[in-house]
Amino acid sequence: MAIREIVKYPHPILKKRCEEVDRIDDELRTLIRDMIETMYSANGVGLAACQVGVPRRIVVLDVSPMDPEKDLFVMINPEIIAEEGEIDHEEGCLSVPECTEKVKRKAKVCVKGLSPAGKEIEVTGEGILATALQHEMDHLDGILILDRISRLKRELYRNRLKKEKRKEETP
Ligand SMILES: [Zn+2]
């Protein structure tokens with residue numbers, strides 16, 4: 001297992017639609033194990049494969065990272081099959097550092113996909129799990145929280161990022 005580097009905004013891979021997985025092999029299982037380790041080491045509640053630079057449709061989630069593996073699950077080619085209600089939780093993203101914003105999401109979602117063993121699985125999530133599922137699945141379509149907030153907030157974030165970059169570049 002290995003911790004992989006997390007790709008940060010504005011890296012172009014984060015804007016791409018990720019490819020479906022058509023074969024689950026050892027390489028893919030290694031990627032999944034690395035994603036889990038990377039998520040825990042970064043204290044995240046979820047991670048999509050594109051965030052470690054692999055544009056495939058895979059997400060790992062654990063909404064109780066304090067108790068590793070209790071609520072851990074992996075989904076390959078996830079798809080929302082039912083949804084209801086609306087919520088707006090504060091969200092952060094490992095690929096968009098220092099940005100926490102309220103994002104409107106469905107309050108409850110049912111998602112179907114494949115487990116690493118290739119079995120069809122279904123997960124129904126409410127509250128933070130629903131938010132995390134939708135957030136990670138957004139990554140598979142190249143959507144970031146920055147695309148879900150107002151234009152003004154997005155501009156403010158971009159300007160802040162530019163300023164920080166300039167600071168880093170000035171000796
Ligand atoms: Zn994210």
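See the structure above.
Everything numeric in this text was worked out from a predicted model, so none of it was measured.

(A) A look at the coordination of the zinc ion. Protein coordination of the zinc ion is provided by Cys93 (SG), His135 (NE2) and His139 (NE2), with donor distances spanning 2.0 to 2.2 Å. Spacing between the donor residues of the zinc ion along the chain follows C-x41-H-x3-H. With Cys93 in strand β4 (residues 87-93) and His139 in helix α2 (residues 127-140), this residue pair connects regions lying 46 residues apart in the sequence. Its relative accessible area of 10% is what places Cys93 among the buried residues.

(B) Up close: the environment of Leu129. With respect to the helices, strands and loops of the structure, Leu129 is situated in helix α2. For the pair Leu129 and Ser64, spaced 65 residues apart in sequence, the C-alpha separation works out to 9.7 Å. In this structure Leu129 touches Val63, Phe73, Val123 and Thr124, once residues within four positions along its chain are discounted.

(C) Fine view of the sheet that holds strand β3 (residues 73-84). Strand order in the open sheet made by the five strands is β1-β2-β3-β6-β7, with antiparallel pairing throughout. Strands with a single pairing partner mark the edges of an open sheet, and in this sheet they are β1 (46-48) and β7 (120-126). When the angles between neighbouring strand axes are averaged without regard to direction, this sheet yields 40°. For β1 and strand β2 (residues 58-61), the ladder comprises three bridges, and the chain directions are antiparallel. Residue pairing across strands places Ala48 opposite Val59, the latter belonging to β2. The sheet contacts of helix α1 (residues 26-41) involve β1, β2 and β3, and relative to β2 the element is tilted by about 40°. Packing of α2 onto the sheet brings it into contact with β1, β2, β3, β6 (108-114) and β7, and relative to β7 it is tilted by some 125°.

(D) Up close: a positive patch on the surface. Together, Lys162, Lys163, Arg166 and Lys167 make up a positively charged patch on the protein surface. Turning to its location among the elements, Lys163 is positioned in helix α3 (residues 151-169).

(E) Quick peek at the pairing of β3. Two elements, β2 and β3, share four bridges in a ladder whose sense is antiparallel. Its bridge partner being in β3, Val60 is matched across the sheet by Val74.

(F) Focus on the pattern of salt bridges. Considering all chains together, one arrives at 15 salt bridges under this definition. The salt bridge partner of Lys70 is Asp71, with a shortest N-O separation of 3.5 Å. The exposure class of Lys70 is exposed, given its relative accessible area of 54%. Residue Asp71 is classed as partly exposed on the basis of its relative accessible area of 28%. The shortest N-O distance in the salt bridge between Glu155 and Arg158 comes to 3.2 Å. With Glu155 and Arg158 both in helix α3 and three residues apart, the pair spans about one turn of that helix. When its relative accessible area of 32% is taken as the criterion, Arg158 is described as partly exposed.

Rules and cut-offs
Residues numbered from 1 in each chain as written. Predicted model: local features only at pLDDT ≥ 70, side-chain atom pairs only at ≥ 80, totals over all residues. Heavy atoms only, no water. Donors = N, O, S within 2.8 Å, 3.2 Å for Na, K, Ca; no water. Helix = DSSP H or I, 4+ residues; strand = E, 2+ residues; numbered from the N terminus. Buried < 20%, exposed > 50% of the residue type's maximum accessible area, 1.4 Å probe, protein only. Contact = heavy atoms within 4.5 Å. Pairing = 2+ DSSP bridges. Axes fitted to C-alpha atoms, helices over the stretch in contact; angles between N-to-C directions. Patch = residues over 30% accessible without salt bridge, like charges linked within 9 Å, V, L, I, M, F, W, Y side chains within 5 Å. Areas by Shrake-Rupley, 256 points an atom, 1.4 Å probe, with all protein chains shown as cover. Salt bridge = Lys/Arg side-chain N within 4 Å of Asp/Glu carboxyl O. Lys, Arg positive; Asp, Glu negative; His and termini not counted. Charge placed at Lys NZ, Arg CZ, Asp CG, Glu CD.

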